[in-house]
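Structural overview for review
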Amino acid sequence: MERHVLESLLAGDDEASVMALATLRSGATYSVADRASGTHAGVFNRRLQRMRMHGLEPLGLERAVQLVREHGRPVRTGLINAADRTWTTLIFLTEDGSALVACAGWPLPLVSRKPPL
């Protein structure tokens, strides 16, 4: 997926999308799966619970789990990693990659701290 296409998909006004777009525009690396697989809601709900157990509240992950669950169809996943490796964003796209279903982010390494914006 081309960078400008991904940027256009991240045009939402929720905090996680705004963060993802800012990270991408600041020189982040990214990857998007070539094809869709399961809905992933259960997997990322468990990840959310584990992160919370360790005192980390990932940006938008609870909402992303809900949106992916509501979407109810396979999704393509992708990662956007900040150039300085301090932040990562997980994105969920529709099966054909034409729309953003949800995104969430968290600091790296996985320790409690504020987003870099």
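Before going into details, it helps to say that this report is about the structure given with it.

About the cut-offs
Residues numbered from 1 in each chain as written. Predicted model: local features only at pLDDT ≥ 70, side-chain atom pairs only at ≥ 80, totals over all residues. Heavy atoms only, no water. Phe/Tyr/Trp six-rings, centres within 6.5 Å; stacked < 30°, edge-to-face > 60°. Helix = DSSP H or I, 4+ residues; strand = E, 2+ residues; numbered from the N terminus. Buried < 20%, exposed > 50% of the residue type's maximum accessible area, 1.4 Å probe, protein only. Pairing = 2+ DSSP bridges. Axes fitted to C-alpha atoms, helices over the stretch in contact; angles between N-to-C directions. Contact = heavy atoms within 4.5 Å.

It is worth spelling out the packing of aromatic side chains at this point. This model, assessed by the stated rule, comprises one aromatic pair. Seen in terms of ring centroids, phenylalanine 44 and phenylalanine 92 are 5.3 Å apart; in terms of plane orientation they differ by 85°. Their pairing is edge-to-face. Within this pair, whereas phenylalanine 44 is found in helix α3 (residues 41-53), its partner phenylalanine 92 is found in strand β3 (residues 87-93), the two being separated by 48 residues in sequence. For the pair phenylalanine 44 and phenylalanine 92, one class covers both residues: buried.

On to the sheet that holds strand β4 (residues 100-107). Pairing within the open sheet is antiparallel, and its four strands lie in the order β1-β2-β3-β4. In the strand order of this sheet, the two ends are held by β1 (29-32) and β4, each with one partner. Across the sheet, the mean angle from the axis of one strand to that of its neighbour is 15°, orientation sign disregarded. Against the sheet, helix α2 (residues 15-25) engages β1, β2 (76-81), β3 and β4, with an angle of about 70° to β4.

Scope: geometric values only; no functional claims are made or implied.
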